[in-house]
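Examination of the molecular architecture
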Amino acid sequence: MSASNLVAQLKQGLDAPICLTWEITYACNLQCVHCLSSSGRRDPRELSTAQAKAVLDELRDLQVFYINVGGGEPMIRQDFFEILEHAEHNKIGVKFSTNGTYIDATSARRLASMNYLDIQISLDGIDSATNDAVRGIGSFAVAMRAMDHLRDANFGAFKISVVVTRHNANQLEEFKTLADTYGAQLRITRLRPSGRGIDSWSDLHPTQAQQRQIYDWLAAHGESVLTGDSFFHLNALGPALPGLNMCGAGRVVCLIDPIGDVYACPFVIHDQFKAGSIFDWGGFTNVWRNSELFESLRQPDSVGACVSCGNYDSCQGGCMAAKFFTGLPLDGPDPECVLGHGEELLRSAAVVIIPKPAIDHSRGVRLNLPQPISVR
Amino acid sequence: MSVTLETACELDPRVSLRPERFGALAYHFGNRKLVFLQNPDVVAVVQDLSRHSTLADTLTALGVHPDRWPSFVAAVDSLHSSEIVRVR
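Below you will find a few notes about this structure.

**Thoughts on the overall build of chain B**
From N to C terminus, chain B includes 3 helices and 5 strands. Tracing chain B from N to C terminus, the helices and strands come up as β-β-β-β-α-α-α-β. On C-alpha atoms alone, chain B measures out to a radius of gyration of 12 Å, which is about the 12 Å that the 2.2 N^0.38 rule sets for 88 residues. In terms of overall dimensions, chain B has C-alpha extents of about 35 × 30 × 20 Å along its principal axes. Buried residues in chain B amount to 26% of all 88 residues. Long-range contacts, defined as pairs at least 24 residues apart, comprise 56% of the intrachain contacts of chain B with a sequence gap of at least 6.

Following this line, the structure appears as structure tokens:
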């Protein structure tokens, strides 16, 4: 079977996700301006420990290989280690994303003793000036301290996870050097206009010239840098970057949010992309296999307005979430289309309606930013 | 080393193999690699490797026609390179 046949098969969906994102809390001590889940305050409906363990039992039965645990700040949950240990017991790999606040010498040693565990430390700048403008004052120092603890505890190769913005796109080489210094692996992902990112995206997303730099840099570094396959919209610039080059939402991945709602992907927390809840009849398995939304996402792609371009096979029309939250039609170009079709459409549209996220757990006041970030 | 018809091998114990309509997905919990096995016959061979003393014996037991053996040796060898299959 050729690679394109495989992708065609995957687009029709699998009986169980390959992996999924599980955000275990909306609570967070930070208030990053681009937070995809608008996190901050804990949701009173957050899954209990017993409910969380039941989710893991169901994922074990489905043979889900690993889960990406996020939030909010996942380590804020009192039962964080209990959940982690239950996943390990169920032989489900865990990759969790953290801002590092709760990694001290003791927790680092505990994390280092676990199997099937990957840690992604979020860092959005190579210095505090760049990082803290997005993630809040002091967050750079906190992340660096967490990395020191992981190194001292001999955790092994943790990940440094960078959301690429206009302000750090020129720092990729320095991030790589930093990762190498720690024996860590660099992971860079695409900024989406999701959650609080709806308000900050237009100030933060890379310029077209930077998109070219990112593409060239990724092409040069091959599989030594992880991307979660998130940059396939750049593939119209040349040969395809490593990865499957397809949107996996509702096909091979999805999101379970902190209150048990199931969405197509972590970047589309909106009613339109909510497939159901783990509390529905038949649980997560039935939502995954039979929800109307996921079944529709597994139908052949609608090429729509991109049909006249000729590059659709390369870029796949880009990212559904990026289109949706910039007010572009889902069968149109990506807002960051490297050929400028998205920008052109946004410029020429008489009206652009930006959807609001379904739920917002932001705290009322955003604190600890060194400079105001303008809002569109 | 590369895998031959005489090699004794098995699915690496750190690998989880999940049957799919197109074949199977294999995930290696050590190196975190995900591998797509796109031929159901290769999946059957991989699942059966540990039950026989050599790859040739496995192919014989599964009734694979000898004309197709070279492609199976190549497939298992490539799975060995990605640590899905190990020599025992």
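**Points about the sheet that holds strand S3 (residues 23–28) of chain B**
All names here are of chain B. Spatial ordering of the open sheet is given by S2-S3-S4, a layout of 3 strands whose pairing is antiparallel. Lying at the two open borders of the sheet, with one neighbouring strand each, are strand S2 (15–20) and strand S4 (34–37). Neighbour-to-neighbour, the strand axes of this sheet turn through a mean angle of 20°, independent of strand direction. Looking at chain direction, S2 and S3 are connected through 6 bridges and run antiparallel. Counted as the bridge partner of Leu17 is Ala26 from S3.

**Re the environment of Ala16(A)**
Residue and element names in this part refer to chain A. Along the chain, Ala16 turns up in the loop between helix H1 (3–11) and strand S1 (19–23). The class of Ala16 is buried, set by 22 C-beta atoms lying within 10 Å. Distance in space between the C-alpha atoms of Ala16 and Val252 is 7.4 Å, their sequence separation being 236 residues. Not counting residues within four places of it along the chain, the set of residues in contact with Ala16 comprises Leu62, Gln63, Val64 and Trp288.

**Let's talk about unusual backbone geometry**
All names here are of chain A. Cis geometry is found at the peptide bond from Gly71 to Gly72, where omega equals 20°. At Gln63, a position not held by glycine, the phi torsion is positive, near 60°. Structurally, the position occupied by Gln63 is in the loop between helix H2 (49–61) and strand S2 (66–70). Residue Lys91 is not a glycine yet carries a positive backbone phi of 55°. Along the polypeptide, Lys91 turns up in the loop between helix H3 (80–89) and strand S3 (93–98).

**Comments concerning the sheet that holds S1(A)**
The strand order across the open sheet formed by 9 strands is S6-S5-S4-S3-S2-S1-S7-S8-S9 (chain A), and the pairing between neighbours is mixed. Lying at the two open borders of the sheet, with one neighbouring strand each, are strand S6 (185–190) and strand S9 (274–277) of chain A.

**Describing the packing of H2(A) against H3(A)**
Residue and element names in this part refer to chain A. Running from N to C, H2 and H3 point in directions that differ by 20°, and their axes come no closer than 10 Å. As summarised for this structure, H2 and H3 are arranged roughly parallel, according to the angle between their axes. Considering only the axes of H2 and H3, their crossing is right-handed. Across the interface between the two elements, Thr49, Ala52, Lys53 and Leu56 of H2 pack against Glu82, Ile83, His86 and Ala87 of H3. Among the residues making up the contact of H2 with H3, the classes are represented as 4 nonpolar, 2 polar and 2 charged.

**Some remarks on the interface of chain B and chain A**
Each partner contributes to the interface: chain B provides 11 residues, whereas chain A provides 9 residues. With 3 residues, the single largest contributor to the side of chain B that touches chain A is S2(B). In terms of residue class, the side of chain B that touches chain A is made up of 6 nonpolar, 2 polar and 3 charged.

**Describing the nonpolar core**
Core analysis: the biggest nonpolar cluster contains 124 residues, and Ile67(A), Val94(A), Tyr263(A), Cys265(A) and Val268(A) have the highest contact counts within it. Non-local contacts of Ile67(A), meaning those with residues more than four positions away in its chain, are made with Cys19(A), Leu20(A), Trp22(A), Leu59(A), Ala87(A), Ile92(A) and Val94(A).

**Considering the pairing of strand S4 (residues 117–122) of chain A**
Residues and elements named next belong to chain A. Taken across its 6 residues, S4 has 6 buried, putting it largely inside the fold. Side chains Leu117, Ile119 and Ile121 project from S4 onto one buried face, and the interleaved Asp118, Gln120 and Ser122 project onto a second face that is buried too. Pairing of S3 with S4, which is carried by 5 bridges, proceeds in the parallel orientation. Note on S4: the bridge partner recorded for Ser97 is Gln120. Read from S3 through helix H4 (residues 105–112) to S4, the crossover connection turns out right-handed. Pairing of S4 with strand S5 (residues 159–164), which is carried by 3 bridges, proceeds in the parallel orientation. When the bridges of S5 are listed, Ser122 appears paired with Ser161.

**Focus: the environment of Ser296(A)**
Turning to its location among the elements, Ser296(A) is positioned in helix H11 (residues 292–297). Taking the C-alpha atoms as reference points, Ser296(A) and Gly250(A), 46 residues apart in sequence, are found 9.0 Å from one another.

Rules used in this analysis
- Residues numbered from 1 in each chain as written.
- Chains lettered and ligands numbered in written order.
- Predicted model: local features only at pLDDT ≥ 70, side-chain atom pairs only at ≥ 80, totals over all residues.
- Helix = DSSP H or I, 4+ residues; strand = E, 2+ residues; numbered from the N terminus.
- Rg over C-alpha atoms; globule rule 2.2 N^0.38 Å.
- Buried ≥ 20, exposed ≤ 12 C-beta atoms within 10 Å, placed from the backbone.
- Contact = placed C-beta atoms within 7 Å.
- Pairing = 2+ DSSP bridges.
- Axes fitted to C-alpha atoms, helices over the stretch in contact; angles between N-to-C directions.
- Parallel < 35°, antiparallel > 145°, perpendicular 65-115°, else oblique.
- Left-handed = near helix turned anticlockwise from the far one by under 90°.
- Nonpolar A, V, L, I, M, F, W, Y, C, P; charged D, E, K, R; others polar.
- Core = buried A, V, L, I, M, F, W, Y, C linked by C-beta atoms within 7 Å.
- Right-handed = clockwise from strand over helix to strand, strands pointing away.

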